[in-house]
Amino acid sequence: MRLYVVVAAGGFRRYATYRVATLAGVFTNTVFGFIVAYTYIALWDERPGLGGYGLSQAVTYVWLGQALLMTCAMMGGGFEDELTERIRTGDIAVDLYRPADLQLWWLAGDLGRAAFHLLGRGIVPMVLGSFAFELALPTDPLIWPAFLLAVLLGVVVSFAIRFLVALSAFWLMDGAGVAQMAMLAGMFFSGLLLPLNVFPGVLGEVARALPWSSLLQVPADVFLGVHTGWDLVWAYAFQAGWALALLAVGRLLQSVATRRVVVQGG
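This is a predicted model, so every value here is computed, not measured. (Residues numbered from 1 in each chain as written. Predicted model: local features only at pLDDT ≥ 70, side-chain atom pairs only at ≥ 80, totals over all residues. Heavy atoms only, no water.)

### What to know about the layout of surface pockets
Applied cut-off: Only protein atoms enter the 1 Å grid used here. Points where a 1.4 Å probe fits but cannot escape make up a cavity, open sets with protein on both sides within 12 Å along at least five of seven lines make up a pocket, and a residue lines them when an atom lies within 4 Å of a point. Grid points are joined across faces, edges and corners, and a volume is the space filled by probe spheres set on the points. Every helix listed is a DSSP run of H or I at least four residues long, and every strand listed is a run of E at least two residues long, numbered separately from the N terminus. Just so you know the grouping, Ala, Val, Leu, Ile, Met, Phe, Trp, Tyr, Cys and Pro go in nonpolar, Asp, Glu, Lys and Arg go in charged, and all remaining residues, Gly too, go in polar.
The computed volume of the largest pocket comes to approximately 320 Å³. Forming the boundary of the largest pocket are 19 residues, of which V7, R14, W105, W106 and G109 lie nearest the centre. Sorting the residues of the lining of the largest pocket by element identifies α1 (2-16), α4 (80-89) and α6 (102-132) as the ones contributing at least two each. Ranked by the residues each element gives to the lining of the largest pocket, the list is headed by α6, at six residues. Its residues assigned to classes, the lining of the largest pocket shows seven nonpolar, four polar and eight charged.

Here it is as structure tokens:
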């Protein structure tokens, strides 16, 4: 366990070294936050209460999306490009022979990455947004740790999806196509473009049932006080269920790939 804590800390330090990129990211998130916030304001002026949100809740949702965009890697980014390249070049054989679990190793590093992005690129845009708009910030102090737990579960779900994307390189000549489809799915089904509560009928039900909703929609609803009591427990169970299921599939594919590498190496 100590090994993976060290790997997580290393992941945090790795991204902390890119100070200029972090500043550029904060600027980009802030600018897009203002653009999308004013778009939401125009939409909610025409359709008050859309998706069950008031105007202040809708604007808060925008800034939560900007804060969690890189934290939960809704559009991809992080370890999967590196892992895909190691699979493509065959360097993954070295990783598989190491006395460490491949999935846990990359998960630990990704948790470090996510922690840095939450602090480095999440807080500042949210604070700047609170100066310009009336945000629906929680008044109950217990909502803040509840929100952070939802974010943590969202990060794990995001990792599990991206781990599967990277492992597809074992069977495909190029994993770029799968990564592109995963990015589009992450943008749409996480609620980054519009809250999933706005989607009508069957589309909305399907979108909210998919794992990508764990990345933004569920944490945002926890922050906004939509999930309370047993409904909050159900939200956590939904995220944890997807995390365990996807990690299990990833571990199965990892095991199959490991046997394949061992056979070919032998």
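### Considerations on the environment of N197
Note the threshold: Think of it in three bands: with a 1.4 Å probe and only protein chains considered, a residue is buried below 20% of the maximum accessible area for its type, exposed above 50%, and partly exposed in between. Any pair of residues with heavy atoms lying within 4.5 Å of one another is described as a contacting pair. Nitrogen and oxygen atoms within 3.5 Å of one another constitute a polar contact, given that in protein one can donate a hydrogen and the other can accept it, and given that sequence-neighbouring residues count only through two side-chain atoms.
If you trace the backbone, N197 turns up in the loop between α8 (176-189) and α9 (201-209). Residue N197 is classed as partly exposed on the basis of its relative accessible area of 24%. For the pair formed by N197 and L50, sequence separation is 147 residues and the distance between their alpha carbons is 8.3 Å. Not counting residues within four places of it along the chain, the set of residues in contact with N197 comprises G51, Y53, R208, Q217 and D221. Side-chain polar atoms of N197 contact the side chain of Y53, separated by 3.1 Å.

### Quick notes on the packing of aromatic side chains
Heads up, the rule is: Here a Phe, Tyr or Trp ring, Trp counted by its six-membered ring, pairs with any other such ring whose centre lies within 6.5 Å, and the pair is stacked when the planes are under 30 degrees apart, edge-to-face when over 60, and tilted otherwise.
Counted under the stated rule, the structure contains 16 aromatic pairs. With centroids separated by 5.9 Å and ring planes inclined at 35°, the aromatic side chains of F79 and W106 adopt a geometry described as tilted. Of the two residues, F79 is situated in the loop between α3 (55-68) and α4 and W106 in helix α6; the sequence distance between them amounts to 27 residues. Classification of W106 by relative accessible area gives buried; the value is 9%. Three or more aromatic residues joined by ring pairs make a cluster, and in this case those are F34, Y38, W63 and F133.

### A closer look at the pattern of salt bridges
Note the threshold: Think of a salt bridge as a Lys or Arg side-chain nitrogen and an Asp or Glu carboxyl oxygen that are within 4 Å of each other.
The tally for this structure, following the rule as stated, stands at six salt bridges. Here R14 and E82 are joined by a salt bridge, their closest N and O atoms 3.3 Å apart. With R14 in helix α1 and E82 in helix α4, this residue pair connects regions lying 68 residues apart in the sequence. Between D101 and R251 there is a salt bridge, and its shortest N-O distance comes to 2.7 Å. With D101 in the loop between α5 (92-96) and α6 and R251 in helix α11 (residues 229-265), this pair connects stretches of sequence that are 150 residues apart. Residue class for D101 comes out buried when judged on its relative accessible area of 19%.

In short, the description is geometric, and any link to function would need to be established separately.
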